[in-house]
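What follows is each chain in one-letter form.
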Amino acid sequence: MPVTYGPEHCRPDLPVPLAPLPGVPATVRRALAGPSPERAPAVTVAWALVTAALALAATFAPHPAFSAATWLAGAYVLARVVALRLLDRAQRRFEPAWLAAQTRVLRGHGFDVLRCTVAGRVCDLTRLGDVAALARAAPGAEVVLEFGYRPAAGAQVAVERIRRRREDLEVRYARFAPDSGRVRFPEGGYVIGAGGRVTAWSLAGRVLLTPAVPAPLLPDPAAARA
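Here's a quick rundown of the structure. None of the values given here were measured: they were computed from a predicted structure.

Turning next to the overall build of the protein. Of regular secondary structure, the protein possesses 5 helices and 9 strands. Counted from the first residue to the last, the protein has its helices and strands arranged as α-α-α-β-β-α-β-β-β-β-β-β-β-α. Taken over C-alpha atoms, the radius of gyration comes to 27 Å for the protein, far larger than the 17 Å a tight globule of 226 residues would show. Counting only C-alpha atoms, the protein reaches 100 × 35 × 30 Å along its principal axes. Taken over 226 residues, the protein has a buried fraction of 34%. Looking at the protein alone, contacts between residues at least 24 apart form 73% of all its contacts between residues at least 6 apart. Of the side chains in the protein, 28 bear a positive and 17 a negative charge, and the two mean positions are spaced by 7 Å.

What follows is the structure, encoded as structure tokens:
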């Protein structure tokens, strides 16, 4: 299974790791492809131009040094071209498996709810009455959830906002309630972002909300109907 970022790193813009290459030393990979996959083709073109310049110099000023340098540079360019093709294939095979593994981390992670509103009214997820009102809300009522995540280690909490109809929100109570409400996205997922080297997340689908109310303290539904 591909190595993933831990739950504490759940955020939209995760750097996409390079495909692991067992048996290939990191120094060899760096020498052939460089630290940046985006710049690797341009660097290869630059080395091809260097090779052409050396070949031109060897033509007009024949010297063993120019000839040797031309052959070495040409071999390096050829090795880079082959290596980049192989690395691109490996990356294309790796990314879907990594995205699936990182998606499982996202789906199992709960985010702290900073604010919840139901049909325009604030719902305090630490109050029994507010949670009961949320549970009784009409299926089409709009629920807005704002939750926090850390965009980077040590950074201030960033806020994401989602909107759902009440019927798309499943309230699940925990016997040991969290200090604040928590929200999970069991149908969320990661995709490769527009830049190609970082992810974006999709938080579509149903939402699981755990209020800060222990299940044993909930009012009896039969009593509430009486």
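This brings us to the nonpolar core. Core analysis: the largest hydrophobic core is formed by 34 residues, its most contacted members being F111, L134, L145, F147 and V183. Contributions of two or more residues to this core are made by helix 3 (64–108), strand 1 (111–118), strand 3 (142–149), strand 4 (158–165), strand 5 (169–171) and strand 9 (207–210). Top element by residues in this core is helix 3. It accounts for 6 residues. Contact partners of L134, with chain neighbours within four places excluded, come to V118, C123, L125, V143, R166, L169, V171 and L209.

Quick look at the environment of A212 now. Position of A212 among the secondary structure elements: in the loop between strand 9 and helix 5 (221–225). Accessibility expressed as a relative area gives 13% for A212, which makes it buried. Considered as a pair, A212 and A194 are 18 residues apart in the sequence and their alpha carbons are 37 Å apart. The residues contacting A212, other than those within four sequence positions of it, are L125, T126, A177, P178, D179, S180 and G181.

Reading guide: rules and limits
- Residues numbered from 1 in each chain as written.
- Predicted model: local features only at pLDDT ≥ 70, side-chain atom pairs only at ≥ 80, totals over all residues.
- Heavy atoms only, no water.
- Helix = DSSP H or I, 4+ residues; strand = E, 2+ residues; numbered from the N terminus.
- Rg over C-alpha atoms; globule rule 2.2 N^0.38 Å.
- Buried < 20%, exposed > 50% of the residue type's maximum accessible area, 1.4 Å probe, protein only.
- Contact = heavy atoms within 4.5 Å.
- Lys, Arg positive; Asp, Glu negative; His and termini not counted.
- Charge placed at Lys NZ, Arg CZ, Asp CG, Glu CD.
- Core = buried A, V, L, I, M, F, W, Y, C linked by side-chain atoms within 4.5 Å.

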